[in-house]
Amino acid sequence: MSTSMTGRTILVTGGTHGIGLATAQALASSGAAVALVGRNADKTSQVVEALRRDSGNDRVEGMVADLSSQAEVRRLATDFAAGHDRLDVLVNNVGGFWATRHVTADGLERTFALNHLAPFLLTHLLRPLLEASAPARVVTVSSGAQAMGRIDFEDLQGERSYSGQRAYNQSKLANVLFTYELARRLEGTGVTANALHPGVVRTGFGQEDSSTLFRVMLPVIRPFMLSPERGAQTSVYLASSPEVEGVSGRYFVRKKARRSSPASYDPQVARRLWEVSAELTGVDAG
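Quantities reported herein were computed from a predicted structural model and do not represent experimental measurements. (Residues numbered from 1 in each chain as written. Predicted model: local features only at pLDDT ≥ 70, side-chain atom pairs only at ≥ 80, totals over all residues. Heavy atoms only, no water.)

One broad trend across soluble globular proteins is that nonpolar side chains are buried collectively. Core analysis: the largest hydrophobic core is formed by 33 residues, its most contacted members being L11, L67, F80, L87, L122 and L126. By residue number, the principal contributor to this core is helix α4 (residues 110–132), which donates eight residues. Sequence-distant contacts of L126, defined by excluding residues within four places in its chain, comprise L11, A77, F80, L87 and L90. Formed by 24 residues, the second largest nonpolar core is a distinct cluster that contains L51, L196, A239 and V244. (Core = buried A, V, L, I, M, F, W, Y, C linked by side-chain atoms within 4.5 Å. Buried < 20%, exposed > 50% of the residue type's maximum accessible area, 1.4 Å probe, protein only. Helix = DSSP H or I, 4+ residues; strand = E, 2+ residues; numbered from the N terminus. Contact = heavy atoms within 4.5 Å.)

Okay, here's the thing in structure tokens:
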């Protein structure tokens, strides 16, 4: 039986396809007011219309932003705060994989910018609203790839040597380190922060610029991949379940708290990553 989310306001990034769309669908169907973020205005509008119809919930809205751009992240945060008096759950779902190195409008490597810096900055900007709405939650979608990640402070942007998989692994480890450090900084505020691995899910993820190995292996592994609805289950659980009320600083797989990689528990790396991220996004590291 699903938990009623009537009266709650939720923001889901990357909400027009895949896990994000399935997350938004489930939360809208539970009665929440859901704002979903997409890059394309037409697609976002179509998704909102479909979700309103399918969920029977008119409190679904779309917001358009390319979160690889810090200016767009800031505009999104400003627009959301201007139009809403509360934020009960922020679902940092947006992410991507690129086999070759791309640079954003801010001159940053795109994987690191979108997968890590975007949720870091958006959460920072919306933190006052989250705290004012407490109890509130921050849910960040990481990946099992975090176990293979290493934060290379000497080459965060992959300028010296780039590998799409290495950049992705690093960004997913960064998601977990960010979550643990955020949880420490949010202690006593009534806002919790948790990360999750959604499983290997059938979506269009990574196909914009995929590796040769990925293209070869996809037909083989596709039958064993989860549907977006199943992949979204842990995100929905962390956003809505009373079972995790007050639980913070944890990593979840299949709706269960699990140990993440040993590297993710290094507080010095977490603090340094926080400071570097703050510098790259132009916010106060405190």
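Once that is clear, we can look at the confidence of the model for the protein. When pLDDT is averaged along the protein, the result is 92; 90% of the residues meet or exceed 70. Note on residues 213–218: pLDDT under 50 across the span, and five contacts to partners over four residues away in sequence or across chains. (pLDDT = per-residue confidence, 0-100.)

To continue, consider the side chain of N175. Relative to the helices and strands, N175 is located in helix α5 (residues 164–185). From its side chain, N175 meets the backbone oxygen of N115 in a polar contact 2.8 Å long. Those residues in contact with N175 that sit more than four places away from it in its chain are N115, H116, P119, T140, V141 and S142. (Polar contact = N/O pair within 3.5 Å; in protein donor to acceptor, adjacent residues only side chain to side chain.)

For the rest of this paragraph, the subject is the sheet that holds strand β6 (residues 191–197). Here we have eight strands laid out as an open sheet, ordered β3-β2-β1-β4-β5-β6-β7-β8, and mixed in their pairing. The sheet is open, and its two borders are formed by β3 (60–64) and β8 (256–258), each paired with just one other strand. Looking at each pair of strands side by side, their axes are set apart by 25 degrees on average, direction ignored. The sheet contact formed by β6 and strand β7 (residues 250–253) spans four bridges and is parallel. By the bridge assignment, A195 is partnered in β7 with Y251. (Pairing = 2+ DSSP bridges. Axes fitted to C-alpha atoms, helices over the stretch in contact; angles between N-to-C directions.)

Looking now at the packing of helix α1 (residues 18–29) against helix α2 (residues 41–55). Between two packed helices, both the angle of their axes relative to each other and the distance between the axes serve to describe the pair. At their nearest, the axes of α1 and α2 sit 9 Å apart, and the two run at 40 degrees to each other. Here α1 lies oblique to α2, going by the angle between them. Considering how the two elements wind past one another, α1 and α2 form a crossing that is right-handed. Of the residues in α2, those in contact with L21, A24, Q25, A28 and S29 of α1 are V47, L51, D54 and S55. Classifying every residue of the contact of α1 with α2 by side-chain character gives five nonpolar, three polar and one charged. (Parallel < 35°, antiparallel > 145°, perpendicular 65-115°, else oblique. Left-handed = near helix turned anticlockwise from the far one by under 90°. Nonpolar A, V, L, I, M, F, W, Y, C, P; charged D, E, K, R; others polar.)

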